[in-house]
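Listed below, chain by chain, are the residues.
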Amino acid sequence: GPSPGRLSAAGEEGPAEGGPPDHSYSLSSGTTSEELLRKLNEQRDIIALLEVKMKEMKGSIRRLRLAEAQLREEIREKDRLLHAASAGTRKRHGL
C-alpha cells in the first residue's frame, strides 16, 4: 500500500520526502487484518521486552540505593572517627 507521509496540497497521502522511515505504529489505509495482527503482535513483543527491562532496571535501582546507603553509613562512621580523633588531638595540645 502507499506509505504514510506528508499530505500534499490536494490532501492525498504521499511519501515523506527525506523524512524518517515508516514507524511500526503507522498504518496505511489498505492494511489487511493479517498485517494488523502482525503489527499488534510486534507491539506486544516490544511491550513485553520493555516490561522485562523495567523490572531489571528497578532491581538495579534497588541495589544502587542499598549500596548508596551502605556508603553513606561508612562515611558517617569515618566522620565520627575523624571527629573523635581530632577532638582528642586538640585536648592533648591544649587547644
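Criteria and thresholds
- Residues numbered from 1 in each chain as written.
- Predicted model: local features only at pLDDT ≥ 70, side-chain atom pairs only at ≥ 80, totals over all residues.
- Heavy atoms only, no water.
- Helix = DSSP H or I, 4+ residues; strand = E, 2+ residues; numbered from the N terminus.
- Buried < 20%, exposed > 50% of the residue type's maximum accessible area, 1.4 Å probe, protein only.
- Areas by Shrake-Rupley, 256 points an atom, 1.4 Å probe, with all protein chains shown as cover.
- Salt bridge = Lys/Arg side-chain N within 4 Å of Asp/Glu carboxyl O.
- Expected span 1.5 Å × (residues − 1).
- Patch = residues over 30% accessible without salt bridge, like charges linked within 9 Å, V, L, I, M, F, W, Y side chains within 5 Å.
- Lys, Arg positive; Asp, Glu negative; His and termini not counted.
- Charge placed at Lys NZ, Arg CZ, Asp CG, Glu CD.

A.B. asks: Account for the overall build of the protein, naming residues and giving values.
C.D. replies: Each helix and strand counted, the protein has 1 helix and 0 strands in total. Per-residue burial over the protein gives 6% buried out of 95 residues. Accessible area of the protein: about 8,600 Å², with a carbon and sulfur share of 59%.

A.B. asks: Account for the pattern of salt bridges, with residues named and values stated.
C.D. replies: Side chains that differ in sign of charge can pair as their charged atoms come close. Applying the stated criterion across every chain yields a total of 5 salt bridges. The closest approach of N and O atoms between Glu68 and Arg72, which form a salt bridge, is 3.0 Å. One end of the pair, Glu68, and the other, Arg72, are both in helix α1 (residues 33-92), 4 residues apart, so they sit about a helical turn from each other. Residue classification places Glu68 among the partly exposed positions, given a relative accessible area of 40%. Taken together, the shared-partner salt bridges connect Glu73, Arg76, Glu77 and Arg80 into one network.

A.B. asks: Report on α1, specifying residues and quantitative values.
C.D. replies: The end-to-end C-alpha distance of α1 is 87 Å, a good match for the 88 Å that 60 residues give at a rise of 1.5 Å each. Immediately beyond the C-terminal end of α1, within one or two residues, lies Gly94, with a positive phi of roughly 70°.

A.B. asks: If you had to explain a positive patch on the surface to someone new, which residues and values would you point to?
C.D. replies: Taken together, the side chains of Lys55, Lys58, Arg62 and Arg63 define a basic patch exposed on the protein surface. Looking at the secondary structure, you find Arg62 in helix α1.

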